[in-house]
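# Summary of structural features
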Amino acid sequence: MVDQFIRQVSKKTWYRWSFYVNIILFFIIAISLFFLILDSYEAGKIAQRGGGDMLSQQWLYIGRDIAFLSISFALVFFQFFRNLLVIIRRSL
């Protein structure tokens, strides 16, 4: 059933969905960068005061931000290189 749906979707619809997914990914990247900067700043302030448990919590937040960034960037680069490969194949 899913295979039939995928075959029926036109290229124009796929390109539109890809465009929207890329916009969402760029928003996720922007938000993750913002939170990474905020959490890093807070971790620096806490480390300067000598907080133990709070610093560990901030490191977890920083790890969360890095995970979101790396997954988002991986998807963006995957789509970029896949589209580049399609363009190269069409021009050869």
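The structure this text deals with has already been given above.
Residues numbered from 1 in each chain as written. Predicted model: local features only at pLDDT ≥ 70, side-chain atom pairs only at ≥ 80, totals over all residues. Heavy atoms only, no water.

## Notes on the packing of helix α2 (residues 11-49) against helix α3 (residues 53-91)
Here is the rule: Axis definition: a line fit to C-alpha positions, over the contact stretch in the case of helices; interaxial angles, taken between N-to-C directions, run 0 to 180 degrees. Think of it this way: any DSSP run of H or I at least four residues long counts as a helix, any run of E at least two long counts as a strand, and we number them from the N terminus. Should an angle lie under 35 degrees it is considered roughly parallel, over 145 roughly antiparallel, and from 65 to 115 roughly perpendicular; all remaining angles are considered oblique. The hand of a helix crossing depends on one turn: near helix anticlockwise from the far one by less than a right angle means left-handed, and clockwise means right-handed. We call Asp, Glu, Lys and Arg charged. Ala, Val, Leu, Ile, Met, Phe, Trp, Tyr, Cys and Pro are nonpolar, and the rest, Gly among them, are polar.
Contact geometry for α2 and α3: axes closest at 8 Å, N-to-C directions at 150 degrees. The pairing of α2 with α3 is recorded here as roughly antiparallel in orientation. For the pair α2 and α3, the crossing hand works out as left-handed. Class assignment for the residues of the contact of α2 with α3 results in 22 nonpolar, 7 polar and 6 charged.

## Things to note about the environment of S70
Put simply, the rule is: Note on classification: 1.4 Å probe, protein chains only; a residue is buried when its accessible area is under 20% of the maximum for its type, exposed when over 50%, partly exposed between these limits. For the purposes of these results, a polar contact is taken to be a pair of N or O atoms within 3.5 Å, where, inside protein, one atom must be able to donate a hydrogen and its partner to accept one; residues adjacent in sequence count only when each atom of the pair is a side-chain atom.
Here S70 lies in helix α3. Taking relative accessible area as the criterion, S70 reaches 41% and is therefore assigned partly exposed. Of note is the side chain of S70, whose polar atom sits 3.1 Å from the backbone oxygen of A67.

## Digging into the environment of Q79
For clarity, the cut-off: Contacts: residue pairs with any heavy atoms within 4.5 Å of one another.
Take Q79: it is sitting in helix α3. The class of Q79 is buried, set by a relative accessible area of 12%. In sequence terms Q79 and S18 are 61 residues apart; their C-alpha atoms lie 8.6 Å from each other. When residues no more than four places from it in sequence are discounted, the contact partners of Q79 are S18, V21 and N22.

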